[in-house]
Structures are given as C-alpha cells and as structure tokens.
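# A look at the structure
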Amino acid sequence: MRSSATSSERPTGSERRRPSGADDALVAGQRLRRRPQLSDEVASHLREQIMTASTRPGEFIRMDDTAERLGVSVTPVREALLTLRGEGMVNLAPHRGYVVAELSRTDVEDLFWLQGEIAVKLALRTADAITADQIADLEWHNQQLRAALGTGDGTQVADAEFEFHRVHNLIASGGKLAWFLLSATRYTPTQLYATDPDWGSVAVDSHSRLIVAYRDGDRDQVVEQTRRQFTDGAARLTRHLESTGIWDVSDDT
C-alpha cells in the first residue's frame, strides 16, 4: 500500500518543521523506546498478557517458565514482577509465587477514563498552540499509520500510532501531562488493537477529523475526536475480555 497518499517519503521544507527543540525530543524518545531495560520489556509483555486475559486472574506466573519462554534470565522476570506487584497487577502469595490480580470492568473503565481526561487536556492545549506546519506534520504521521495498516504488521502499526500521539503531545508542551498519559497507556494492550483492522480505520478517521478540527479551530470537535479514541478502545477491550469469560463468575458490576 504505497500510493501517493501513503508514501513513506518524508515531506520536506516547511511541511516538516517542528517547534524549536521538538526534533531533539523526538530523537531522544526514539532512543529510549529502542533500548528499554530488559525488565521493562518483560513487564510490558506480562502487562499485555494480563490485560488481554492471555494470563488470567488467579493464575500463577512462574519465574523459571517465563524466563525460559522469553529467552531471558530469571533476574529481569523477578524485577518485572516486582514492578507489576507495585502496580497492583499481580499479588505475592507467600511460599507460592506471584498470582495475577483480579481485573474488573471498573478497572478497564477507569484506565480509559483517566487516559481520555489527560488526552483531552493535552489536545486543547495543542489547539491553542498548533501551527500550519505542525498540522501538516500530523497529517504526514497519520499517513504513516494508514500505510502501516496496509502492511498488516502489528508492530509497525503500534509504532506509527505511538509516533502520531508523541508528536501531537509535544505541540502541547505539557511534559508532565504527557508523562502521566504515557504511564496510563502502558496498560493498553497495543497489539490487540494494532492487529484489528477495524480499530485502525477508526484511529485514522479520528486522527483525520482531529486535524480538521485543529485547522478550523473547532474545540468541540477536538474534544469529541480525542474522547472517541479512548471510548472506542475501552469498548473493544471490554468486548474482548467478555469473550474470554473472566467475568462470568467474578464480576463487580
């Protein structure tokens, strides 16, 4: 899928100019994403497993088995489990090991509500600051997401989606808010979405409408399109978790 609308060639000139300092921040962010701590990679893998119920509430996570499966030593697995325990995703059962904590509907709702509230705040700040060049840059990144969806490669899709929002949030100059949003979105099972073509269509369309809203100065649409992505994400994850049956017996709603 390499039409002119989805070309991977980067725009030149004014189309790719960013705010002062933004390029350095993007490069630094890319380095961080490429070289995470091994324990962080393990923790990310386990979060994905837990949030999709591939590893279900009440199941034990065996350090030796996990290390062998991931091709790492036990040490990063132990460190990852300590991190997840601090996040309330696993509990330590004395003399037995780590067990996956309950994941309720309310947990899912709260996670996406928090993400949406922070994202709306950042989007409104972006609306106040965005320039024509930055709008063009967002359009380019949305084209990259569309192109990635055409490949069917979940990793490329996830990376393209991450880049769109990272560039977007830099415009808002809300470093702390962006950090809180990143911390909240670590619980989002990216591969579940990145391999769902329907989710991809919604994401590209929502980005496109958001960009138009920025160009038109339509703050109501900025809020609506920002919330749309998190509402859609929550609904998709909820449907997936319902299909796994983890709430058939223990459901707090």
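Refer to the structure printed above.
Residues numbered from 1 in each chain as written. Predicted model: local features only at pLDDT ≥ 70, side-chain atom pairs only at ≥ 80, totals over all residues. Heavy atoms only, no water.

### Notes on the overall build of the protein
Put simply, the test is: Runs of H or I in DSSP of at least four residues are treated as helices and runs of E of at least two as strands, each being numbered from the N terminus. Burial status follows relative accessibility: with a 1.4 Å probe on protein chains alone, a residue under 20% of its type maximum counts as buried, one over 50% as exposed, and anything between as partly exposed. Note on areas: Shrake-Rupley with a 1.4 Å probe; residue coverage comes only from the protein chains shown.
Broken down by element type, the protein carries 11 helices and three strands. Helices and strands in the protein line up, N terminus first, as α-α-β-α-α-β-β-α-α-α-α-α-α-α. Looking at the protein as a whole, 42% of its 253 residues are labelled buried. A total of about 13400 Å² of accessible surface is found on the protein, and carbon and sulfur atoms cover 49% of it.

### Structural notes on the pairing of strand 2 (residues 90-93)
We count it as follows: Two strands qualify as a pair provided DSSP detects at least 2 bridges between them.
Inspection of the sheet shows strand 2 paired to strand 3 (residues 97-100) by four bridges, in the antiparallel sense. Across the sheet, residue L92 finds its bridge partner in strand 3, namely Y98.

### Structural notes on the pattern of salt bridges
Using the following cut-off: The term salt bridge refers to a side-chain nitrogen of Lys or Arg lying within 4 Å of a carboxyl oxygen of Asp or Glu.
Across all of its chains, the model carries 12 salt bridges by this definition. When the shortest N-O distance is used, the salt bridge between D196 and R236 registers 3.1 Å. With D196 in the loop between helix 9 (190-194) and helix 10 (197-216) and R236 in helix 11 (residues 219-244), the pair connects residues that are 40 residues apart, well separated along the chain. The network of salt bridges with shared partners includes D196, D198, D232 and R236.

### Notes on the packing of helix 3 (residues 63-70) against helix 4 (residues 74-86)
When two helices pack together, you describe them by how their axes are tilted relative to each other and by the distance separating the axes. The line we're drawing: Every axis in this analysis is a line fitted to C-alpha atoms, fitted for helices over the stretch in contact. Angles between the N-to-C directions lie between 0 and 180 degrees. By definition, turning the near helix anticlockwise from the far helix through less than a right angle yields a left-handed crossing, and turning it clockwise yields a right-handed one. It only takes one pair of heavy atoms within 4.5 Å for two residues to be counted as in contact. Here the term charged refers only to Asp, Glu, Lys and Arg, the term nonpolar to Ala, Val, Leu, Ile, Met, Phe, Trp, Tyr, Cys and Pro, and the term polar to all other amino acids, Gly among them.
At a closest axis distance of 9 Å, the pairing of helix 3 and helix 4 adopts a crossing angle of 115 degrees. For the crossing formed where helix 3 meets helix 4, the hand is right-handed. For the pair helix 3 and helix 4, the contacting residues are M63, D64, T66 and A67 in the first and V74, V77, R78 and L81 in the second. Of the residues assigned to the contact of helix 3 with helix 4, the class counts are five nonpolar, one polar and two charged.

### A closer look at the pairing of strand 3
When strand 1 (residues 60-61) meets strand 3, the two strands line up antiparallel, connected through two bridges. Bridge pairing links F60 to V99 in strand 3. Adjacent in sequence and paired antiparallel, strand 2 and strand 3 are bridged by three residues, among which H95 carries a positive phi angle near 65 degrees.

### Some thoughts on helix 4
Residues spaced three or four apart along an α-helix face the same direction, because each turn holds 3.6 residues. To be explicit about the condition: Each helix should span, by expectation, one fewer than its residue count multiplied by 1.5 Å. Comment: arc refers to directions from the helix axis out to C-beta atoms.
Counted at 1.5 Å a residue, the expected span for helix 4 with its 13 residues is 18 Å, and the 19 Å between its end C-alpha atoms agrees. The set of residues buried in helix 4 consists of P76, V77, A80, L81 and L84. End-on view of helix 4: buried residues confined to an arc of 140 degrees, all on one side of the axis. Along its buried surface, helix 4 packs onto helix 2 (38-51), strand 1, helix 3, strand 2 and strand 3. One or two steps after helix 4, the chain reaches G88, where phi turns positive at roughly 80 degrees.

### A closer look at the side chain of T66
With respect to the helices and strands, the residue T66 is situated in helix 3. Judged by its relative accessible area of 2%, T66 is buried. If we skip the residues at most four places from it in the chain, T66 touches L46, I61 and V77.

### A short note on the environment of D137
Relative to the elements of secondary structure, D137 occurs in helix 6 (residues 132-151). For D137, a relative accessible area of 2% corresponds to the buried category.

### What to know about the packing of aromatic side chains
Rules: Each pair of aromatic rings taken from Phe, Tyr and Trp, with Trp reduced to its six-membered ring, is defined by centres within 6.5 Å and is described as stacked if the planes are under 30 degrees apart, edge-to-face if over 60, and tilted in the remaining cases.
Counted by the stated rule, this structure contains two aromatic pairs. With a centroid separation of 5.2 Å and an interplanar angle of 75 degrees, the aromatic rings of W179 and F180 are classed as edge-to-face. Look at W179 and you get exposed, because its relative accessible area is 51%. An angle of 40 degrees between the planes, with centres 6.0 Å apart, marks the rings of Y193 and W199 as tilted. Taking the relative accessible area as the measure of exposure, Y193 reaches 5% and is therefore buried. On the accessibility criterion, W199 (11% relative accessible area) is buried.

### Considering the sheet that holds strand 1
If you walk across this open sheet you meet the three strands as 1-3-2, and the pairing is antiparallel. Strands with a single pairing partner mark the edges of an open sheet, and in this sheet they are strand 1 and strand 2.

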